[in-house]
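The lines below spell out each chain.
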Amino acid sequence: MGCLLSALSTVAQWDMHISTQVTGVNGEHTPLWLNANKYGVSSVDGSSAIARVGVFRSLSCDSARQWAWGAGADVVMGWGLTGSCLVQQAYGELKWKHGLLTVGSKEQPMEFRDQELSSGAQTLGINAHPFPGVRLALPDYWELPFTKGWLAFKGHIFYGMQTDDNWQKDFTNRQSKYTERAKLHTKAGFLRIGKAGKPFSVEAGIEMACQYGGRSYLYGDESAAPVENTDGLKGMIHALIPGGGESIEPDEYRNTDGNHLGSWLLRANYDAEKWGLSVYGDHFFEDHSSMLHLDYDGYGTGEAWNVRQDSRYFLYDFKDIMLGLELRLKSHPFLNRFVVEYLYTKYQGGPIYHDHTQQRPDHISGNDNFYNHYIFTGWQHWGQVIGNPLYRSPLYNNDGLIKVENNRFWAWHFGLSGNPMNLHYRVLCSLQEGLGTYDSPVLYPEQSFSVLVEVGHRFSATSRFAGWNVTGAVAMDRDDLRGNSLGLQLTLLRLFSLNSK
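Residues numbered from 1 in each chain as written. Predicted model: local features only at pLDDT ≥ 70, side-chain atom pairs only at ≥ 80, totals over all residues. Heavy atoms only, no water.

### Digging into the overall build of the protein
Then, in step 1: Secondary structure assignment for the protein yields five helices and 25 strands.
Then, in step 2: Projected onto the principal axes, the alpha-carbon positions of the protein cover approximately 85 × 60 × 45 Å.
Then, in step 3: The buried share of the protein, reckoned over its 501 residues, is 52%.
Then, in step 4: Looking at the protein alone, contacts between residues at least 24 apart form 63% of all its contacts between residues at least 6 apart.
Then, in step 5: For the protein, the accessible area works out to roughly 23,000 Å², and carbon and sulfur atoms hold 61% of it. (Helix = DSSP H or I, 4+ residues; strand = E, 2+ residues; numbered from the N terminus. Buried < 20%, exposed > 50% of the residue type's maximum accessible area, 1.4 Å probe, protein only. Contact = heavy atoms within 4.5 Å. Areas by Shrake-Rupley, 256 points an atom, 1.4 Å probe, with all protein chains shown as cover.)

### Structural notes on the packing of aromatic side chains
Then, in step 1: Taken as a whole and assessed by the stated rule, the structure comprises 16 aromatic pairs.
Then, in step 2: When the ring of Tyr 371 is compared with that of Tyr 391, the centres are 3.9 Å apart and the planes differ by 20°; the resulting orientation is stacked. Residue Tyr 371 is found in the loop between strand E18 (337-344) and strand E19 (380-381), and its partner Tyr 391 is found in the loop between strand E20 (384-385) and strand E21 (409-418); the two are separated by 20 residues along the sequence.
Then, in step 3: Accessibility expressed as a relative area gives 0% for Tyr 371, which makes it buried.
Then, in step 4: Chaining the aromatic ring pairs together yields one cluster made of Phe 284, Phe 370, Tyr 371, Tyr 391 and Phe 409.
Then, in step 5: Lying across the ring of Tyr 296, Arg 308 places its NZ or CZ 4.3 Å from the centre.
Then, in step 6: Across the ring face of Phe 496, the terminal group of Arg 494 is positioned such that the distance to the ring centre comes to 4.4 Å. (Phe/Tyr/Trp six-rings, centres within 6.5 Å; stacked < 30°, edge-to-face > 60°. Lys NZ or Arg CZ within 6 Å of the ring centre and 35° of its normal.)

### A short note on the pairing of strand E3 (residues 67-79)
Then, in step 1: Across nine bridges, strand E2 (residues 48-57) lies against E3 in antiparallel orientation. Paired with Ala 49 across the bridge in E3 is Trp 79.
Then, in step 2: Inspection of the sheet shows E3 paired to strand E4 (residues 85-96) by eleven bridges, in the antiparallel sense. Within E4, the residue paired with Ala 68 across the bridge is Lys 95.
Then, in step 3: Here E3 folds back onto E4, and the loop between the two strands holds five residues, one of which, Gly 80, carries a positive phi near 95°. (Pairing = 2+ DSSP bridges.)

### Structural notes on a nonpolar patch on the surface
Then, in step 1: On the surface, Trp 67, Leu 94, Trp 96, Leu 101, Val 103, Val 134, Leu 136, Ile 157, Leu 240 and Ile 241 cluster together into a nonpolar patch covering about 910 Å² of accessible area.
Then, in step 2: Elements with a minimum of two residues in the nonpolar patch: E4, strand E5 (99-105) and strand E6 (133-143).
Then, in step 3: Structurally, Val 134 can be placed in strand E6.
Then, in step 4: Taking the relative accessible area as the measure of exposure, Val 134 reaches 43% and is therefore partly exposed. (Patch = residues over 30% accessible without salt bridge, like charges linked within 9 Å, V, L, I, M, F, W, Y side chains within 5 Å. Salt bridge = Lys/Arg side-chain N within 4 Å of Asp/Glu carboxyl O.)

### Some details on the sheet that holds strand E11 (residues 215-217)
Then, in step 1: The sheet built from three strands is open, its strands ordered E8-E11-E12 with antiparallel pairing. At either end of the open sheet lies a strand with only one pairing partner, and these are strand E8 (178-180) and strand E12 (227-228).
Then, in step 2: Examined bridge by bridge, E11 and E12 share two bridges and lie antiparallel to one another. Among the inter-strand pairings, Arg 215 is bridged to a residue of E12, identified as Glu 228.

### Digging into helix H3 (residues 165-172)
Then, in step 1: Burial in H3 covers these residues: Asp 165, Trp 167, Gln 168, Lys 169 and Thr 172.
Then, in step 2: If you follow the buried residues of H3, they end up packed against E8 and E19.
Then, in step 3: Just past H3, the residue Asn 173 takes up positive phi, approximately 55°.

### Considerations on empty space enclosed by the protein
Then, in step 1: A full pass over the atoms with the stated rule returns two cavities of 30 Å³ or more.
Then, in step 2: Each pocket or cavity is described by its volume, and for the largest cavity that value is around 50 Å³.
Then, in step 3: Taken together, 13 residues line the largest cavity, and the ones lying closest to its centre are Ser 290, His 293, Asp 320, Tyr 347 and Gly 349.
Then, in step 4: At the level of secondary structure, the elements contributing two or more residues to the lining of the largest cavity comprise strand E14 (275-285) and helix H5 (288-292).
Then, in step 5: Each pocket or cavity is described by its volume, and for the second largest cavity that value is around 40 Å³.
Then, in step 6: Together, Gly 40, Val 41, Ser 42, Val 76, Leu 81, Thr 82, Leu 86, Gln 88 and His 129 line the second largest cavity.
Then, in step 7: Split into classes, the residues belonging to the lining of the second largest cavity amount to four nonpolar, five polar and no charged. (1 Å grid on protein atoms, 1.4 Å probe; cavity = no way out; pocket = protein on both sides within 12 Å on 5 of 7 lines; lining within 4 Å. Points joined across faces, edges and corners; volume = space filled by probe spheres on them. Nonpolar A, V, L, I, M, F, W, Y, C, P; charged D, E, K, R; others polar.)

### Looking at the side chain of Arg 113
Then, in step 1: Residue position: Arg 113 is located in the loop between E5 and E6.
Then, in step 2: Of the polar contacts made by the side chain of Arg 113, one reaches the backbone oxygen of Glu 111; its length is 3.1 Å.
Then, in step 3: At 3.1 Å, the side chain of Arg 113 forms a polar contact with the side chain of Asp 282.
Then, in step 4: Setting aside residues no more than four positions away along its own chain, Arg 113 makes contact with Ser 118, Gly 120, Ala 121, Leu 265, Arg 267, Tyr 280, Asp 282, Met 322 and Glu 326. (Polar contact = N/O pair within 3.5 Å; in protein donor to acceptor, adjacent residues only side chain to side chain.)

### What to know about unusual backbone geometry
Then, in step 1: Positioned with a positive phi, Lys 97 is a non-glycine residue whose angle comes to about 55°.
Then, in step 2: Summarising the element assignment, Lys 97 is placed in the loop between E4 and E5.
Then, in step 3: Overall, the relative accessible area of 47% leaves Lys 97 in the partly exposed class.
Then, in step 4: Positive phi values are uncommon outside glycine, yet Asn 422 reaches one of about 60°.
Then, in step 5: Mapped onto the secondary structure, Asn 422 falls in the loop between E21 and strand E22 (424-436).

### Thoughts on the pairing of E14
Then, in step 1: Among the eleven residues of E14, eight are classified as buried, and the element is accordingly described as predominantly covered.
Then, in step 2: Pairing geometry for strand E13 (residues 259-271) and E14, over ten bridges, is antiparallel. Across the sheet, residue Leu 266 finds its bridge partner in E14, namely Gly 281.

### What to know about the nonpolar core
Then, in step 1: Judged by nonpolar contacts, the single largest core of 38 residues is most densely connected at Trp 33, Tyr 371, Trp 379, Leu 390, Tyr 391 and Leu 452.
Then, in step 2: Breaking this core down by element, the ones donating at least two residues are helix H2 (32-35), E14, E18, E21 and strand E24 (468-477).
Then, in step 3: Counting residues per element, this core draws most heavily on H2, at three residues.
Then, in step 4: Aside from chain neighbours lying at most four places away, what touches Trp 33 is Ser 119, Pro 389, Leu 390, His 413, Leu 428, Ser 430, Ser 450, Val 451 and Leu 452.
Then, in step 5: Formed by six residues, the second largest nonpolar core is a distinct cluster that contains Tyr 141, Ala 152, Phe 190 and Leu 265. (Core = buried A, V, L, I, M, F, W, Y, C linked by side-chain atoms within 4.5 Å.)

As far as function goes, none of this settles anything; it's purely spatial.
So, in structure tokens, the structure goes:
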């Protein structure tokens with residue numbers, strides 16, 4: 001090990017992170033906020049112990065150059081996790097001016113919201129293990145020419161693959177739907193209106209994702225004919241530009257190839273000298289009806305039942321949305337950040353049939369069934385939802401189904417943090433009422449209350465314990481969605497700087 005560290009330090013500035021985390025739980029499941037939004041490095045199944053080692057080189061080491069390179073390797077071992085030893089991150093990246101190429105598996109932050117206090121993004125969140133792949137990005141806003149700094153753009157495009165094939169087979173015991181070798185594509189684009197450094201700005205954009213490719217066993221029975229999903233270059237094109245159709249659907253009902261979903265995002269910011277305020281929205285969609293809120297509904301009748309004849313359209317309600325407010329107090333150590341979010345997902349196009357038929361001329365594409373899909377295993381990775389963890393992850397299921405079994409709900413979420421007396425604390429609190437899904441509604445609304453209190457301390461550089469961080473947390477769930485539980489968590493982190501020679 002010493003020889004490896006010596007070799008690394010002769011090349012460039014590297015940092016090493018070594019941590020251990022122990023969680024004790026009284027209850028069937030780990031409390032929500034001891035488990036959620038940790039990039040999948042956590043457990044929902046009660047008590048656990050985790051050890052983690054990572055070595056990283058930051059792009060900031062080359063801040064004086066037009067080009068920069070970075071790399072990282074991060075391994076997690078533990079008891080109570082979905083795997084006893086996981087390669088969480090392994091990547092290399094190269095930056096030239098504004099562009100950044102990343103190859104491998106790397107944890108990526110959320111857009112437009114506080115990483116520590118938000119309940120999470122609805123599309124590209126931080127709740128599940130990252131995907132290995134290739135990502136090309138403009139990570140920071142690039143001021144567009146001829147706009148005098150008033151318009152700036154950033155975004156990314158990514159192709160990767162899921163790594164949870166064996167977990168899916170074990171979880172379902174090959175008795176229910178699972179997919180092998182599924183691929184993933186994501187893309188995003190954001191526009192900022194307002195000059196950098198000015199107090200007011202508006203940011204708007206879109207995140208989109210698609211699961212495609214691989215082989216799906218709809219009933220878990222490998223003796224039955226599997227669904228061969230569109231793969232290769234054709235699958236990549238249909239993921240990038242939605243098109244084609246699912247292979248098992250008749251021609252008159254062919255939907256777009258793959259599991260497409262995404263979010264419209266909007267954020268307005270005001271930053272004064274001593275405080276800042278942002279309001280934001282995240283509108284999630286599963287298909288074109290919830291993306292555009294408009295559907296063609298002018299088909300004929302009889303033999304012309306599938307022929308477009310009239311200029312008639314159906315307008316969907318604009319109900320499903322996350323709304324958030326973030327307050328930043330720059331000179332108040334006891335309370336410096338506050339977040340409140342409201343999330344509503346009960347509409348989903350309405351509880352109605354999906355396509356028109358010869359007997360049913362009206363075309364209303366309701367029942368979008370957020371985070372689920374009838375061919376793929378839905379918006380999850382290793383059993384954790386990829387988006388917002390208030391959608392109940394499949395890991396909580398006791399029936400062997402990889403399915404989000406509670407996706408219709410409303411929720412209020414609160415978060416606050418501060419840095420008093422050389423400490424850092426955060427408090428999270430969520431109130432939620434779930435209705436199951438349209439296909440499987442619950443008999444009575446399921447109530448949920450989840451709270452977390454966490455306090456940490458980082459020892460100063462002059463302390464004999466310099467480089468050490470210690471964090472303690474207590475959390476509680478009192479709900480029908482995930483079960484009652486109480487948990488304690490202790491985390492020790494040691495940071496090493498491997499200076500260049």
